[in-house]
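# Topology and contacts: notes
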Amino acid sequence: MILENERAAVCEYARRLTTDGLVVGTSGNVSARAGDLVAVTPTGVDYAALTPADIPVVDLDGKLADGALKPTSELPMHLAVYTCATDPESAPVNAVVHTHSVHATAVSTLVTEVPPIHYMLAAIGPTARVAPYATYGTTELADAMLQALDARRGCLLANHGTITYGDSLSSAYSRAQQLEWVCQVWLLARSAGTPTLLPPTEIEQVVEKLKGYGQR
């Protein structure tokens, strides 16, 4: 079976989406790239029942290369990230995570950028933009997303959810979690009063510090 490891990872992280409350039901989707092929969650299938053999594999034009199930309807967004997005540090783009997380989706209806309530916003970039609304599964949504992703590793999708990417599913998923958490903090603070925000210069400084974070 081609892309066996990637398909297994897609199953694992698809189930985590539900377990961690980042999606409800079969909403949201994940993918992993190896060379010119992409393993991606199928549309409308219970993630708890997924096996690696259920994961479709497509090429970068979206043509089915292996598998019997139809890929996610959000395939245009995933392929747009792989073919057009550029990591700010020129890291490879090997994984994409799309969520319908509650707090980030709520924030996407209120602002055009995620307010800098916490320095971990820098996990995404100097800011996290909100892409204008477009119908799911369309090239219009993929185009709006790419503009919001410029020099960023993730963004919100207005009235929809989030999308993040990374050099692995682990890094892409971690960014989705961080983005949801920052949005939750801002909403909680905003519900109690007027939050004190960090200046843009501080977020930019943390962006630089995170380049050396962790084990190398």
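The structure this text deals with has already been given above.
Note that the structure is predicted; figures quoted are calculated from it, not measured. (Residues numbered from 1 in each chain as written. Predicted model: local features only at pLDDT ≥ 70, side-chain atom pairs only at ≥ 80, totals over all residues. Heavy atoms only, no water.)

### Focus: the sheet that holds strand β1 (residues 29–34)
If you trace the eight strands from one edge of the open sheet to the other, you get β4-β3-β2-β1-β5-β8-β7-β6, paired in mixed fashion. Edge strands, defined here as strands with exactly one partner in the open sheet, are β4 (64–66) and β6 (130–131). Against the sheet, helix α4 (residues 139–149) engages β6, β7 (154–157) and β8 (161–166), with an angle of about 135 degrees to β7. (Pairing = 2+ DSSP bridges. Helix = DSSP H or I, 4+ residues; strand = E, 2+ residues; numbered from the N terminus. Contact = heavy atoms within 4.5 Å. Axes fitted to C-alpha atoms, helices over the stretch in contact; angles between N-to-C directions.)

### Some details on helix α6 (residues 200–210)
For α6, the set of buried residues is Ile 203, Val 206 and Val 207. Buried residues of α6 fall within an arc of 110 degrees about the axis and therefore sit on the same side. Set apart from the buried face of α6 by more than 90 degrees, the exposed residues are Thr 201 and Lys 209. (Buried < 20%, exposed > 50% of the residue type's maximum accessible area, 1.4 Å probe, protein only. Arc of directions from axis to C-beta.)

### Observations regarding the environment of Ala 8
Mapping Ala 8 onto the fold places it in helix α1 (residues 4–19). Residue Ala 8 is classed as partly exposed on the basis of its relative accessible area of 33%. Measuring from C-alpha to C-alpha, the distance between Ala 8 and Ala 32 comes to 9.9 Å, with 24 residues separating the pair along the chain.

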